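Spelled out, the chains give:
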Amino acid sequence: MRVFHSLPKPILAALATIFAAAAILYSGLWTIYGSRGTPVELGFDNKYILFEHCQLIQSIAPGSPAERSGMKPGDCIVSINGSSLQENSLVRVWNQHKPGDQVELAVRRQGAPGSVVLHATFRASGSASAEVGVVQHLGQDILRLFPVAFLAVGLAVLFLRLEDPNAWLLALMFGGFIAIPAFSNSFFGLPPLLRPLAVAYRAIFNNMVAAFFYFFFATFPTRSPLDRRLPWLKWLALVLGTALALPVLGEPDVSGVAGLGWLSARFGKVLVLSFNYGLIVLGFVSLTWNALSVRSSGARRKIRVIQWGTLIGVVPATLVLAANDFFGFHITLWIGVTIVVLLWLFPLSFAYAVVKHRVLEIPVLLRRSARYMLVQRGFVLLLVLLSVAVTLIFALFFARYLQPLTGAAVPGGIALGTVFGTVLLWSGARVHKDVGSRIDRAFFRNAYDARIILEDLLEKTRTATDRKELAALLEQHLKQALQPNSLVVYLETSDYELSAVAGDVPPEFKTISATEATLGEQARYRQPWEASESDVPTPLWFATLQPDCLVPILGRDSRLVGLVVLGLRMSEEPYSSEDKHLLASVASQTGIALESIRLGEKVAERIEAERRAVQEMEFARQVQTRLFPQKLPAMRTLDYTGGCTPARTVGGDYYDFLELRPGRLAMVLADIAGKGVPGALLMANLQANLRSQYAMALDDLPRLLVSVNRLFYQTTDDANYATLFFADYDDESHLLRYANCGHLPALLLRASDSSLPHVSGTERLEWLPSTCTVLGLFENWECEIAEVRLAPGDMLIFYTDGITEATSGDGEEFGESRLLDTLRSQSHLPLQQLLQVVVSAVRQFSGGEQQDDITLVLARCLA
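Here's a quick rundown of the structure. (Residues numbered from 1 in each chain as written. Predicted model: local features only at pLDDT ≥ 70, side-chain atom pairs only at ≥ 80, totals over all residues. Heavy atoms only, no water.)

## Some details on unusual backbone geometry
Generally, phi is negative for residues other than glycine and the peptide bonds are trans, each holding for most cases.
And then number 1: Its identity as a non-glycine residue notwithstanding, Asn 81 has a phi of 50°, on the positive side.
And then number 2: Locating Asn 81 in the fold gives a position in the loop between strand 4 (76-80) and strand 5 (83-84).
And then number 3: Look at Asn 81 and you get partly exposed, because its relative accessible area is 40%.
And then number 4: Positive phi is not limited to glycine here, since His 734 has a value of about 60°.
And then number 5: With respect to the helices, strands and loops of the structure, His 734 is situated in the loop between strand 18 (722-730) and strand 19 (735-741). (Helix = DSSP H or I, 4+ residues; strand = E, 2+ residues; numbered from the N terminus. Buried < 20%, exposed > 50% of the residue type's maximum accessible area, 1.4 Å probe, protein only.)

## A few points about the packing of aromatic side chains
And then number 1: Under the definition given, this model contains 22 aromatic pairs.
And then number 2: The interplanar angle of 65° and the centroid separation of 5.8 Å between the aromatic rings of Tyr 655 and Phe 657 together place this pair among those described as edge-to-face. Each member of the pair Tyr 655 and Phe 657 is classed as buried.
And then number 3: With a centroid separation of 5.5 Å and 75° between ring planes, the pair formed by Phe 814 and Phe 845 is classed as edge-to-face. One end of the pair, Phe 814, is in the loop between helix 23 (801-804) and helix 24 (815-825); the other, Phe 845, is in helix 25 (residues 831-845), with 31 residues separating them in the sequence. (Phe/Tyr/Trp six-rings, centres within 6.5 Å; stacked < 30°, edge-to-face > 60°.)

## Let's talk about a nonpolar patch on the surface
And then number 1: Where nonpolar side chains cluster on the molecular surface, the patch consists of Trp 308, Ile 312, Leu 345 and Leu 348 and spans about 390 Å² of accessible area.
And then number 2: Mapped by element, the contributors of at least two residues to the nonpolar patch are helix 11 (297-327) and helix 12 (333-357).
And then number 3: Mapped onto the elements of the fold, Leu 345 is located in helix 12. (Patch = residues over 30% accessible without salt bridge, like charges linked within 9 Å, V, L, I, M, F, W, Y side chains within 5 Å. Areas by Shrake-Rupley, 256 points an atom, 1.4 Å probe, with all protein chains shown as cover. Salt bridge = Lys/Arg side-chain N within 4 Å of Asp/Glu carboxyl O.)

## Here we look at the pattern of salt bridges
And then number 1: Within the structure shown, the criterion is met by 14 salt bridges.
And then number 2: In this structure, the salt-bridge partner of Glu 41 is Arg 123, at a minimum N-O distance of 3.0 Å. Highlighted residues: Glu 41 in strand 1 (residues 40-41) and Arg 123 in strand 8 (residues 123-124), separated in sequence by 82 residues. Like Glu 41, the residue Arg 123 is buried in the burial classification.
And then number 3: One salt bridge in this structure joins Glu 812 and Arg 818, with 2.9 Å as the shortest N-O distance.
And then number 4: Taken together, the shared-partner salt bridges connect Glu 608, Arg 611 and Arg 612 into one network.

## Some thoughts on the sheet that holds strand 13 (residues 549-554)
And then number 1: As summarised here, the arrangement of the six strands in space is 11-10-9-14-13-12, forming an open sheet in which the pairing is antiparallel. Only two strands of the sheet have a single partner each, and these edge strands are strand 11 (511-513) and strand 12 (529-530).
And then number 2: Pairing of strand 10 (residues 497-502) with strand 11, which is carried by three bridges, proceeds in the antiparallel orientation. Note that in strand 11 the partner of Glu 497 across the bridge is Ser 513. (Pairing = 2+ DSSP bridges.)

## Some remarks on the pairing of strand 17 (residues 664-672)
And then number 1: The buried fraction of strand 17 is high, at nine of nine residues.
And then number 2: Side chains of strand 17 alternate between two faces, with Arg 664, Ala 666, Val 668, Ala 670 and Ile 672 and Leu 665, Met 667, Leu 669 and Asp 671 buried alike.
And then number 3: As defined by bridge partners, strand 16 (residues 653-661) adjoins strand 17 across eight bridges and the pair is classed as antiparallel. The partner of Phe 657 across the bridge, within strand 17, is Met 667.
And then number 4: Turn length for the strand 16-strand 17 hairpin, with the two strands adjacent in sequence and antiparallel, is two residues, and the turn residue Gly 663 shows positive phi of about 85°.
And then number 5: In this structure, strand 17 lies alongside strand 18, joined through nine bridges in antiparallel fashion. In the strand pairing of strand 18, Ala 670 is matched with Leu 724.

## Observations concerning the nonpolar core
And then number 1: One finds Met 173, Phe 177, Phe 213, Phe 217, Phe 346 and Phe 350 to be the most contacted residues of the largest nonpolar core, which totals 68 residues.
And then number 2: Broken down by secondary-structure element, the contributors of at least two residues to this core are helix 1 (9-33), helix 5 (147-160), helix 6 (165-178), helix 7 (195-219), helix 9 (233-245), helix 10 (268-293), helix 11 and helix 12.
And then number 3: Among the elements that take part in this core, helix 7 stands out by supplying 14 residues, more than any other.
And then number 4: Ignoring sequence-local partners within four residues, the contact set of Phe 213 consists of Met 173, Phe 177, Leu 279, Ile 280, Gly 283, Phe 284, Thr 310, Val 314 and Phe 346.
And then number 5: With 53 residues, the next largest nonpolar core counts Met 635, Tyr 654, Val 708 and Cys 861 among its residues. (Core = buried A, V, L, I, M, F, W, Y, C linked by side-chain atoms within 4.5 Å. Contact = heavy atoms within 4.5 Å.)

## Digging into the environment of Gly 154
And then number 1: In this structure, Gly 154 sits in helix 5.
And then number 2: Along the primary structure Gly 154 and Leu 169 are separated by 15 residues, whereas in three dimensions their C-alpha atoms are 9.3 Å apart.
And then number 3: Every residue in contact with Gly 154, bar those within four places of it in the chain, is listed here: Ala 171 and Phe 174.

## What about the sheet that holds strand 19?
And then number 1: The sheet built from five strands is open, its strands ordered 16-17-18-19-23 with antiparallel pairing. Edge positions in the open sheet fall to strand 16 and strand 23 (786-789), since each of these has one partner strand only. Adjacent strand axes in the sheet meet at a mean angle of 20°, parallel and antiparallel pairs treated alike.
And then number 2: In the packing of helix 22 (residues 701-715) onto the sheet, contacts are made with strand 17, strand 18 and strand 19, and the angle to strand 18 comes to roughly 155°. (Axes fitted to C-alpha atoms, helices over the stretch in contact; angles between N-to-C directions.)

Have a look at this one:
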């Protein structure tokens, strides 16, 4: 039914006008022709026997044509003028004759072997009746006015609430009640042009009144428990009602409770009657069940008066009509009058509920509209009267002064007065807009103030910086604008959890789940909704807070991020459509504000996380820096230094100087497969393994490296490995023992040695290549040791690929040749300065963008 709100209002107004015109026309025809009988009679009372297709004679008036023809009570008319009898055959034939005409009747008489043929002469209808008294006239007038109450209430509610589906259901249901009484002449007495319209109206609404009755009470004022269990039943009722109505639209003799059409078989009418009365019973069940189970005090207030009006008004009429339809009970004039008077209580109870208990918000609309129209139109009328008065004053008072000038007194005054009156009317129209706003504020102060307050809230929500501030704004402004007796603001504080940030809530309901069916189902419609409209079982918190209106707050992804729970208003007025529209706007803006707050919190969290990460990385850098040699062991014949510049805050390159014993130095350079934190952790692991066992190098260097490989293999995964250059220098003998475990070849620049190839200058170059494979890839690993003796002036260079593989903007690598050129050109510098020169040259070559860790160890043999 929510889709109903999407229809444009002009279309709804046009449909309502068509329906109103049809209902008014039918009601007028009923008032004029409904109780008017056939033009002729024979003077007997009869009843149609469905299963025997005959008219049973119940009584015969003394001296009537029926008595003179030989007809007796108990006879059954089976044919008229030789044609078999149908339900409306008698009425149709009677309407085709005039007084004095003869008719042939075939009757079945108890004890007679066959049909008895009788001939009778028609007389004027009512010619033998006694003069009707005043009381009987009054009873007939009451019957003729039967549609008035239904028509007035139904159409008034419909046109005041065009966009409300409940108003349409109420109007259609009342339109169906108008169609229940049958025309005594079965439409044959109607004017020929109007007869099809009356037939169509009764065919539709008489067959669908029961479906409308059940549909209305299954959904109003809240969905009944029956409808929640069988939601498809109301739609099935409408479909079946339509199926019963369509086949009889063209039958001019439709009468009875339902048009039978294609169900006019032996048990067709019984089935149709059962269908209609069954839906009426289900409507009573829904109404009563709703009245007993509804929890909202607002809904209970609406339903109480309607319940009693429906039970007192409709139940007696239903029982009497059922007795007539199923058991042939004869409805006399005064029984009919009693039924009509009681039935009037049904629409009147709705009228009372509308005025007294503000059902459908109509009384506020009526009260405000009446005063508004009176004052607004009164202001315009005042302007018109004032203009007319000015015209008359000029015409009468200034006439004698104008006569010498214009030659005509009164016409001249009228002309001048018209000019001033027109100016006055134009000026009044100019100020009407300002006056109109003042009238709005004077007569709609509550709504006006509420709108201003909520519009102010819309602006202020944009400036909220946290949830508490936002909730406080909502609480303050909504209480001021709408004055609910309770208000709770739930906002999302974690994923799919809403916490009560404002309002008094029992501790156990401080937090609720945003995924509850009650919330998820209604949040899909993105609009405020009355608590009584919930289609699913309500959770405990729902019943405890006793909400009257709930306002979902949705984020950009249509996820429920908040909920405003409003109790009943202190004035007991329902939340109007305008209130809900403004609440929806507030909720939309609040959702945007919440998203901004959440985004701000995420940005703040990210900034804080980044700050902590930077702080932690700085701490890690300091720790790693402390892992590098802080004090160089003293050597008599060797000058040495080393340095590491990580590509990131921390790196995976490692160098170390270990004093094996006085005069015995181990120089270590390693490159871990990886950079950043993972490389730094592996580097610390390798360093710990080496430093815990390096004394073993004095006696058995291969055993040391085998042990380090095994530990590194066991403590890392299959993808991790390290290259390592380990050199053991003896101060006394200048002997350098080394193991190159898959690392780049170390460079040995000889000061002078004629046996080595000449490269450039006076130095000779010697490579110290790999002696075994990398560490950490293989559990079974073997190592070979090589030796070389240093001479005074020789320079030893260990380096990582962060130097030789550094690339320029063109993709060219720095390479060993540039490294050698830099070392040769600056070989006169102290080693520490020379190391800085090399690092600077590499950075300058790569344009300041360092892609890998730069680590370099330099050693020079002294005399």
